[in-house]
Every structure is written in structure tokens, then in C-alpha cells.
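Single-letter residue listing:
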Amino acid sequence: MDSPTDRDGVRRVVEDLTARGIDVLRVGYPDLMGTERSREVLVEQLPAVLEHGLAFCRAVFHTTTRGETLDVAGGLDAGLPDVKVFPDLSTIADIPWEEGVASCLGDVFDPSGEPSDESPRTVLRGIVEAFHATGRHPVVGPELEYFVLERDGDGWRRYGDESGNIYVTGAKGDPDGHLTATLRHLRDFGLGVTAGNHEFCPGQFEVNLAHSAALDSVDRAFRFKSAIKELERRAGRMATFMAKPFNGEGASGFHLHVSLTDEDGRNVGVDPAGEFGLAPVLRHALAGVLTHAPALAALANPTVNSYKRFGPDTLAPWLIDWGLDNRSAMVRVPPERGEATRIELRLPDSSANPYLLYGGVLAAMQLGIEAGAEPPAPLDGYGYDPAKAPVLPTSLSAALDAFEADAALQGKLGKRLAASFTAFKRDEVERYRSWVSDWELREYVNHL
């Protein structure tokens, strides 16, 4: 279909959906948190929707996990104006677990008709297009971890809560067959899942998605998170991508494997004669990630809770370093070369908004390429020694300071999105700072 207003194309889409027994289309898009905001459309109404769009209050971008609307510029102060969301029909996929329902992603537009520069998907698309203009095409493979929880009275406990079931499958760590059922559903949903296993912690799982062009990859990662949460709600359980939901246990990562190809799909990051077997362009990109790592932390680790994942001996990054096949480094260069040459960023946690994460990482790589930057010597041996490399921000507040100070990275993301994201997250920091926690009560109330 040539455009959303191609009437013959829309008619064919409606006929095709109807022939498959689909009468409802769910149109969703990401807010600043990476939460899916959506509306269901009767399929016969799709032509009108494609012509006029779906109106949403712009302030939904500024709505917190607690349902509070923040006073971010352009929302409350402007009288709560609308944005319009148009379905991206190229992303339609039947939902295997809901009879008669399909879903697709939506693109957000301002009332002027221009793409919204506050929309994470719009901003990422611009960064990807800037890469394409240089003849390079980013390819990304995401790895996501999450916890599954089951009811425990009025609260929740970890599903299959037994220790030691590390990298296993089957009933030993997954008594109700969560993983097998999930892989089948996600395969049928077209998300390009390849494999999965029980992860290190009780109730924790990891699913790998196939690598693909950046925009397709991020769309699948976004839909993956929404689908996992929806499937577990239907099973009477809860899935969480919170970075570190439990004391005394590990955390959940969102690792990205990134490579660069040319117009013909050939990997341009490999050079057998180059240092470490890497072409200059990939070394420059790697150096850009290291240079902008403090600011990237705000996007890759976007919650107060995220920074409880960091620290020595956690296998989560703590320092700004890189290594050759070294999982204790922030950026790992896997040992494969040839068409598999890539970098693996281990900084992000699973709470990250996929679109802002991809956007920040690709923007940092682009800045490194533009500057011709070179990385320092790779990490030798086990990491976590602050004498060897700078320490990452240790709190969301510090990461936001770094993000605000990084004018180059903000320039790639756009001032409007950067300002909205910063204001949104500064409010989160302040709400956390003023909240009396259970830890404080246990520590002080009986003794002071």
C-alpha cells in the first residue's frame, strides 16, 4: 500500500482482515515509559480512521505509572491538546490468543499534521534514517529478561520459586510450562523469537529475538514486552520487566547486539587486518557508546530501581569499559567475526523504553563515527575495578544530570523529546526522594 489514504489499499486490508475472521484492530504506540497506549477499532471503521486518525490527549505521554498527569510543557499548560495516531498497516499481526483480534502499531502526529517529535517511535525513525543517509544500516538483536510472579494471598511471589534452576527448561524450573507456551504464541504472533530459557534467578526467564533492521527489531521488542505481560495476566500471573524486583536476587537485563551493514546487507564492521578484527567504523561506533555512556544510562536504566542492579560482581555493568568476549564489561565484542561481527551493549535493563534505548545507542554510535573516535584498550580479565575505568552514574538523578549535560546526544534525539523525558523522570526522582519506604520504617521506627 502506497499511503494510509490509498483507498483501494485500505479496502484490500479491510477485506483481508474480514476474510481471516478479524473484526477488531488494536492500534498501539509507546509513551515515554515504553508503556503501550492503545485503542480498539472495528475493522469496518478503518477507512475513516486512516483518513482522520485516532485522537489521544497529548498528556498521555506525561502520565506516570500511578496515573498522574505531570505538568510537562505542551500538556497541562497548553490546555491538554490532542495528538493524532494513524495505524501503520505494515505492522498488522493477528493476535493468536485473542479470537477475531489483530494489532498494529501507530504513528503519532501533532495537530499540524507533522510527525510528533515527542513520539519515541518517530524520533528513532529519524535517527535510523540519518544512518541510512550515510549508506550504513544498523541491525539489532535484543535479549530481554523478565520475572514471572504468581499470587500469594494479597501479594505476589516468584513463580517456580526454587533456587539453582539456572539455564534450564521444562518442569524443573517452569512447572506450568510458561516458556513453551509463550514461545509458541510469540512465534505465531510474528515476533521472530528464536529461543528461551529459565534464567539465573527463581521465576526469571530470558527470550531471544532474531536480529533485524533497527526499526523492525525495536517494534518487535516493544510488542514482545506488551505480549508477555498480557499473556501472564490471562494465565492469572504477572510478568514484570522491572529491573530488580527482589532483594537478594539478580536483576533483568535488556542486552542489544548491534552491527552495521551496507546497502547490500554486508557487514561493514569486520576487517580481518584491523585491530581486533574490527573495521574503523565499528571501533568509532563503540567509542561513541563509551563516550556517551553516562547520558545513555538515563535511557538504558530509566527508573530509580534500575540503579540497584549495578555494582561489583553483579554481571551488570558498573564501569564504562569494553572487552573482547568479556561479560564483565559494559560493552562486549563477541568472538564471532565475518558477517556476525557486532558489539553487545550490556548496560540496559529490561525496564528501558525500547525506542528511547535504541535511539540513544544508535545516536551515540553515530556521534562516535562522526568524530572518528577510538576506544581505549579493552578490559583485561575480570572487571569491576574502578581504578581501571570510570564509574557509571549510580542513581537516576546523576544519570539525568549527565543526560542534560550531553548536548550532542540530546541534539540527535531532539530538544522536545529530551526536555519531556527529563521533566518526566525528574518528577519520578522527586516522588521517590520524598516517599517514606518500608526500609526506613524497619530501620528506625522502633529505635529512634
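Scroll up for the structure.
Residues numbered from 1 in each chain as written. Predicted model: local features only at pLDDT ≥ 70, side-chain atom pairs only at ≥ 80, totals over all residues. Heavy atoms only, no water.

## Thoughts on the nonpolar core
Note the threshold: Within this scheme, the nonpolar core is defined by two criteria: the residues are buried Ala, Val, Leu, Ile, Met, Phe, Trp, Tyr or Cys, and they are joined through side-chain atoms within 4.5 Å. Exposure is judged per residue with a 1.4 Å probe applied to protein chains only, and the accessible area is read against the type maximum: over 50% gives exposed, under 20% gives buried, and values in between give partly exposed. Numbered from the N terminus, helices here are DSSP runs of H or I no shorter than four residues, and strands are runs of E no shorter than two. When checking whether two residues touch, look at their non-hydrogen atoms; a contact exists if any pair is within 4.5 Å.
The biggest cluster of nonpolar side chains holds 91 residues, and the ones touching the most others in it are F224 and M365. At 11 residues, helix α8 (residues 354-371) tops the list of elements feeding residues into this core. Ignoring sequence-local partners within four residues, the contact set of F224 consists of L144, Y146, L186, L191, V207, L209 and F241. Judged by nonpolar contacts, the second largest core, of 28 residues, contains V43, L50, F56 and L89.

## Things to note about the side chain of E344
To be explicit about the condition: Pairing of N or O atoms within 3.5 Å defines a polar contact, subject to two protein rules: one partner must be a possible hydrogen donor and the other a possible acceptor, and residues neighboring in sequence count only if both atoms are side-chain atoms.
Counting through the fold element by element, E344 comes out in strand β16 (residues 343-345). Here the side chain of E344 touches H255 through a polar contact of 3.2 Å, side chain to side chain.

## Side note on the packing of aromatic side chains
When we look at a pair of aromatic rings, we describe it by the centre distance and by the angle of the planes. Just so we agree on the cut-off: A pair of Phe, Tyr and Trp rings is counted when the ring centres sit within 6.5 Å of each other, with Trp represented by its six-membered ring. The angle between the planes then sorts it: under 30 degrees is stacked, over 60 is edge-to-face, the rest tilted.
Considering all chains together, one arrives at 16 aromatic pairs under this definition. Ring centres of F224 and F241 lie 6.2 Å apart, and the angle between their planes is 75 degrees; on these two criteria the pair is classed as edge-to-face. One end of the pair, F224, is in helix α5 (residues 214-234); the other, F241, is in the loop between β12 (238-240) and β13 (254-261), and 17 residues separate them in sequence. Assessed through its relative accessible area of 0%, F224 is described here as buried. Judged by centre distance (5.4 Å) and plane angle (85 degrees), the rings of Y307 and F310 are edge-to-face.

## Section: the pattern of salt bridges
Spelled out, the test is: One speaks of a salt bridge when a side-chain nitrogen belonging to Lys or Arg is within 4 Å of a carboxyl oxygen belonging to Asp or Glu.
If you walk through the whole model with that rule in mind, you get 36 salt bridges. Where D31 meets R37, a salt bridge forms, and the shortest distance between an N and an O atom there is 3.0 Å. Residue classification places D31 among the buried positions, given a relative accessible area of 0%. Between E249 and R158 there is a salt bridge whose closest N-O contact spans 3.2 Å. Taken as a pair, E249 in the loop between β12 and β13 and R158 in strand β8 (residues 155-158) lie far apart in primary sequence, 91 residues in all. Here the salt bridges share partners, and the residues they tie into one network are R26, E40, E98, E230 and R234.

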